[in-house]
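# Report on the structure
Chain by chain, the residues:
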Amino acid sequence: MVVFSFFLFLKRGNKALKETVHIKHLVVFFCMKFKLLINLLFTFIIFVHAHADQGDADISFYTGTFDVIDKEGDDQTTLFGIEHKNPNLFRDTFLGKFKPVTGAFMTGNSSVYLYTGIEGQYGIGPLKILPSFTPGYYEKGDGKDLGSVLEFKSEVKVGFDIFENSKLSYSYSHISNNDWGETNPGTDNQQITFSKNF
């Protein structure tokens, strides 16, 4: 009876120890994600402040779902991102208006995508249609392996002017490596974006 009680005590102790270690890992994981997010926000705030007097900062904050068509269900997660555009760099061409765009997002599984590219703009009254193409650097973290650090994001965004110099948009994007990596599973994402021109 004493031996049985001792083993029961050890079993419960091991379970408690495993739970404690698991909780510590979760705390470290979320602290690292939080620090990365704060660093991204801080960088963009400094950038906006440096350009605010010139009136050339169009900043977007977005959130949504990463890997919406995840058949296995183990890679789908949330995402949060920030994007910068300079309205002064609009170029009118025979194909429409184009401007450079730069941004970054992070997923709930610590995947990070840093990108820069070009975005078009087509307007029908208050409705704006914004297709974009943005190559970038992808770090999988604890999330989906896209097969390469070099990835390409194609996106179509539909937005409405809601206030003066403000826009609310819905977008759908696809990220893949064009078969340049070892594998190319790709990912489809959707997000809601709030944009403000400072």
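The paragraphs below set out a description of the structure included in this document. (Residues numbered from 1 in each chain as written. Predicted model: local features only at pLDDT ≥ 70, side-chain atom pairs only at ≥ 80, totals over all residues. Heavy atoms only, no water.)

## Digging into the pattern of salt bridges
A full pass over the atoms with the stated rule returns eight salt bridges. Between E83 and K85 there is a salt bridge, with the nearest N and O atoms lying 3.8 Å from each other. Note on E83: relative accessible area 3%, which makes it buried. Two residues, K85 and E119, come together in a salt bridge whose shortest N-O distance is 3.3 Å. In this pair, K85 is assigned in strand β2 (residues 77-85) and E119 in strand β5 (residues 112-124), connecting sequence segments 34 residues apart. (Salt bridge = Lys/Arg side-chain N within 4 Å of Asp/Glu carboxyl O. Buried < 20%, exposed > 50% of the residue type's maximum accessible area, 1.4 Å probe, protein only. Helix = DSSP H or I, 4+ residues; strand = E, 2+ residues; numbered from the N terminus.)

## A few points about the side chain of T134
Position of T134 relative to the elements: it lies in strand β6 (residues 127-139). Residue T134 is classed as buried on the basis of its relative accessible area of 1%. Leaving out residues up to four positions away in the same chain, T134 has contacts with V101, Y113, Y115, T116, G117, I118, E151, F152 and K153. (Contact = heavy atoms within 4.5 Å.)

## Focus: the nonpolar core
The biggest cluster of nonpolar side chains holds nine residues, and these are Y62, F66, L79, F105, Y113, Y115, Y138, L146 and I175. Only β1 (58-66) and β5 provide two or more residues apiece to this core. Apart from the residues within four sequence positions on either side, Y62 is in contact with L79, F80, G81, I82, E83, A104, F105, Y115, Q191, I192 and T193. (Core = buried A, V, L, I, M, F, W, Y, C linked by side-chain atoms within 4.5 Å.)

## Here we look at unusual backbone geometry
Despite not being glycine, D67 shows a phi value in the positive range, around 65°. Among the structural elements, D67 can be located in the loop between β1 and β2. Despite not being glycine, S110 shows a phi value in the positive range, around 70°. For S110, a relative accessible area of 17% puts it in the buried group.

## Considering the side chain of S171
Tracing the backbone shows S171 in strand β8 (residues 166-176). For S171, a relative accessible area of 0% corresponds to the buried category. One polar contact links S171 to E155, side chain to side chain, over a distance of 2.7 Å. Contacts of S171, omitting those with residues within four sequence positions, involve E155, V156, K157, N189, Q190, Q191 and T193. (Polar contact = N/O pair within 3.5 Å; in protein donor to acceptor, adjacent residues only side chain to side chain.)

## Describing the environment of D74
If you trace the backbone, D74 turns up in the loop between β1 and β2. Placed 69 residues apart in sequence, D74 and G143 show a C-alpha to C-alpha distance of 9.0 Å.

## Considering the pairing of strand β9 (residues 187-197)
Of the pairings in the sheet, the one linking β1 to β9 comprises eight bridges and is antiparallel in character. From the neighbouring strand, D58 faces β9, where its bridge partner is N197. Both β8 and β9 contribute to a ladder of ten bridges, which runs antiparallel. Residue pairing across strands places S166 opposite K196, the latter belonging to β9. (Pairing = 2+ DSSP bridges.)

## Details of the packing of aromatic side chains
On inspection of all chains with the given rule, the structure shows five aromatic pairs. Centroid distance F152 to W180: 5.3 Å. Interplanar angle 90°. Geometry classified as edge-to-face. Linking F152 in strand β7 (residues 150-163) with W180 in the loop between β8 and β9, this pair joins segments that are 28 residues apart in sequence. Exposure remark for F152: the relative accessible area of 15% places this residue in the buried category. Through successive ring pairs, a cluster of aromatic residues spans F66, F105, Y113 and Y115. A cation over a ring is seen here: K153 above Y115, with NZ or CZ 4.3 Å from the ring centre. (Phe/Tyr/Trp six-rings, centres within 6.5 Å; stacked < 30°, edge-to-face > 60°. Lys NZ or Arg CZ within 6 Å of the ring centre and 35° of its normal.)

Everything listed here is a matter of coordinates, which is why it stays silent on function.
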